[in-house]
Amino acid sequence: MITIKCKRCQAILTNTLKEVVVDLNLFQEGEEIIDRGYFSHGHGDIFIAHEDRLLINVRDSKLLNHKTLPNYSGCCGYSDTDFLNQTCPNCGLGVATIVTECYTYHYLAFQKDQITINDIMQ
């Protein structure tokens, strides 16, 4: 199990999470691809642009929306972008991208060089 912390200030950014392997064949666009309480490593599937990021369920996040987040909203939610539209609630560092648009899978993708991953003993 892990928690994710801000690399700059070490604030805790997520709930405690367990690793899971995501099989995108089980999901359709517009659905959450990771259950609450879990994380996965992005992969090279053509429908996920965040293949080198750490993916979690949006509801496990303790992050704040970036002040320009509305600029990245589509018709139903937030578009898949490389812009770090989620920030650390403590220091304001951009750390992740939230993706919730109707034509995308739903997840939150952490930029690995902006975070620290802490293993939790079970």
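Structure: above.
Every value quoted in this text rests on a predicted model; they were computed, and no experiment measured them.

Caption draft 1: Representation of the environment of I12. Following the sequence through the fold, I12 ends up in the loop between strand 1 (2-6) and strand 2 (18-19). Residues I12 and L63, 51 residues apart in the sequence, show an inter-C-alpha distance of 9.3 Å. Those residues in contact with I12 that sit more than four places away from it in its chain are I4, K5 and K62.

Caption draft 2: Quick look at the sheet that holds strand 8 (residues 107-110). Pairing is mixed in the open sheet, where seven strands are placed in the order 2-3-4-8-7-6-5. Strands at the two margins of the open sheet, each flanked by one partner only, are strand 2 and strand 5 (64-65). Taken together, the two bridges between strand 2 and strand 3 (residues 38-41) define a ladder with parallel strand orientation. Bridge pairing links K18 to Y38 in strand 3.

Caption draft 3: The nonpolar core, seen in detail. Ranked by internal contacts, the top residues of the largest apolar core, which has 18 residues, are I4, L13, V95 and F110. Those elements that provide at least two residues to this core are strand 1, strand 4 (54-56), strand 7 (94-99) and strand 8. Once you skip the residues sitting within four places of it in the chain, V95 turns out to touch L13, L63, L84, Q86, T87, C88, A109, F110, Q111, Q114 and I115. Counting residues in hydrophobic clusters, the runner-up holds nine residues, among them V22, I33, L55 and Y107.

Caption draft 4: Region of interest: the state of the cysteines. Across all of its chains, the model carries zero disulfides by this definition. C88 takes part in no disulfide bond, and the closest cysteine sulfur, belonging to C9, lies 3.6 Å away. Given the relative accessible area of 1%, C88 is considered buried.

Caption draft 5: Region of the structure containing the pairing of strand 7. Within strand 7, six of the six residues are buried, which leaves the element mostly enclosed by the surrounding structure. Here two bridges tie strand 6 (residues 86-87) to strand 7, and the two strands are oriented antiparallel to one another. Paired with T87 across the strands is G94, a residue of strand 7. Following strand 6, the chain reverses through six residues before pairing antiparallel with strand 7; G92 in that reversal takes a positive phi of roughly 85°. When strand 7 meets strand 8, the two strands line up antiparallel, connected through four bridges.

Caption draft 6: Region of the structure containing the pairing of strand 8. Side chains of strand 8 alternate between two faces, with Y107 and A109 and L108 and F110 buried alike. As judged from the three bridges shared by strand 4 and strand 8, these two strands associate in the antiparallel manner. Across the sheet, the residue bridging to I56 is L108, located in strand 8.

Caption draft 7: Quick look at the side chain of T87. One can find T87 in strand 6. In this view, T87 contacts L63, L64, N65, H66, G92, L93, G94 and V95; residues no more than four positions away in its chain are not counted.

Caption draft 8: Structural context of unusual backbone geometry. Located in the positive-phi region is Q10, a residue other than glycine, with phi close to 70°. Counting through the fold element by element, Q10 comes out in the loop between strand 1 and strand 2.

Calculation notes
- Residues numbered from 1 in each chain as written.
- Predicted model: local features only at pLDDT ≥ 70, side-chain atom pairs only at ≥ 80, totals over all residues.
- Heavy atoms only, no water.
- Helix = DSSP H or I, 4+ residues; strand = E, 2+ residues; numbered from the N terminus.
- Contact = heavy atoms within 4.5 Å.
- Pairing = 2+ DSSP bridges.
- Core = buried A, V, L, I, M, F, W, Y, C linked by side-chain atoms within 4.5 Å.
- Buried < 20%, exposed > 50% of the residue type's maximum accessible area, 1.4 Å probe, protein only.
- Disulfide = S-S within 2.5 Å.

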